[in-house]
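Below, each chain spelled out in residue letters.
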Amino acid sequence: MNIFPQTLVRIFLCLFLCLFISAIGISPQAQASTLYEDLGQDAGISRIVDETAQQILNDSRIKDGFKETNMKRLASLLKEQFCVLADGPCKYSGDDMKIVHEKLGITSAQFNALAEDLQIAMEKCEIPFSVQNKLIARLAPMKRDIVTVK
């Protein structure tokens, strides 16, 4: 039994498949995207943060806590922070979360309300649920630095 023709056919099929895949541009690197890209990069993150700010100001559970807040500055810092957390090309210029929030008396209920407002904003911006979950998962550890009232 001569296996040479079978081996030759297999090699030919492998080469053909490799050439076909490279011709249509499928590669693991080409398909992988960062959370930053999935959120829509700077423009997408800006839309999400701007919509979140609107949600916060309309949320009776937490809007009073933002009366004295410079919302324009807060939005700018949130955009930086989301960009950094999403592996984007940004630098966060704000202060440490624990220091900023230590005297604000924020409860878990308030933190959760803001997280809900963010999720509503992402829905309005048509961010896929799986992408929303990735951002929320990266933000969640901040709860221990932000919530000061047990």
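Residues numbered from 1 in each chain as written. Predicted model: local features only at pLDDT ≥ 70, side-chain atom pairs only at ≥ 80, totals over all residues. Heavy atoms only, no water.

Looking at an unreviewed UniProt entry, one finds the protein named Group 1 truncated hemoglobin and attributed to Undibacterium jejuense.

Trainee: What's the story with the overall build of the protein in this structure? I'm lost.
Mentor: Helix and strand counts for the protein come out as 9 helices and 0 strands. Shown N-terminal to C-terminal, the secondary structure of the protein runs as helices and strands in the order α-α-α-α-α-α-α-α-α. By residue count, 28% of the 150 residues in the protein fall in the buried class. For the protein, long-range pairs separated by at least 24 residues make up 72% of all intrachain contacts whose partners lie at least 6 apart in sequence. Here the protein displays about 10,300 Å² of accessible surface, and carbon together with sulfur accounts for 59% of that area. (Helix = DSSP H or I, 4+ residues; strand = E, 2+ residues; numbered from the N terminus. Buried < 20%, exposed > 50% of the residue type's maximum accessible area, 1.4 Å probe, protein only. Contact = heavy atoms within 4.5 Å. Areas by Shrake-Rupley, 256 points an atom, 1.4 Å probe, with all protein chains shown as cover.)

Trainee: Looking at this model, I keep getting lost on the UniProt feature "binding site: heme" (unreviewed entry) in the protein. Mind explaining?
Mentor: UniProt records the feature "binding site: heme" (unreviewed entry) for His101 in the present numbering. Assignment of secondary structure puts His101 in helix 6 (residues 97–101). Other than its neighbours up to four places away in sequence, His101 contacts Ile106, Asp145, Ile146 and Thr148. (UniProt positions renumbered as here; feature names shortened; annotations may be inferred.)

Trainee: Mind showing me how you'd approach the side chain of Gln132 here?
Mentor: As for its position among the elements, Gln132 is in helix 8 (residues 129–139). On the basis of relative accessible area, Gln132 is assigned to the buried category, the value being 2%. A distance of 2.8 Å separates a polar side-chain atom of Gln132 from the backbone oxygen of Ile127. Non-local contacts of Gln132, meaning those with residues more than four positions away in its chain, are made with Gln119, Met122, Glu123 and Ile127. (Polar contact = N/O pair within 3.5 Å; in protein donor to acceptor, adjacent residues only side chain to side chain.)

Trainee: I would appreciate a short explanation of the pattern of salt bridges in the present structure.
Mentor: In a structure, side chains of opposite charge can pair up when their charged atoms sit close to one another. In this structure the tally under the stated criterion is 7 salt bridges. The shortest N-O distance in the salt bridge between Asp59 and Arg61 comes to 2.8 Å. Among the residues examined, Asp59 registers a relative accessible area of 7% and is labelled buried. In this structure, Asp64 and Lys67 form a salt bridge, with 3.8 Å as the shortest nitrogen-oxygen distance. Take Lys67: its relative accessible area is 61%, and that puts it in the exposed class. Residues joined by salt bridges that share partners form a network here, namely Asp59, Arg61, Glu116 and Asp117. (Salt bridge = Lys/Arg side-chain N within 4 Å of Asp/Glu carboxyl O.)

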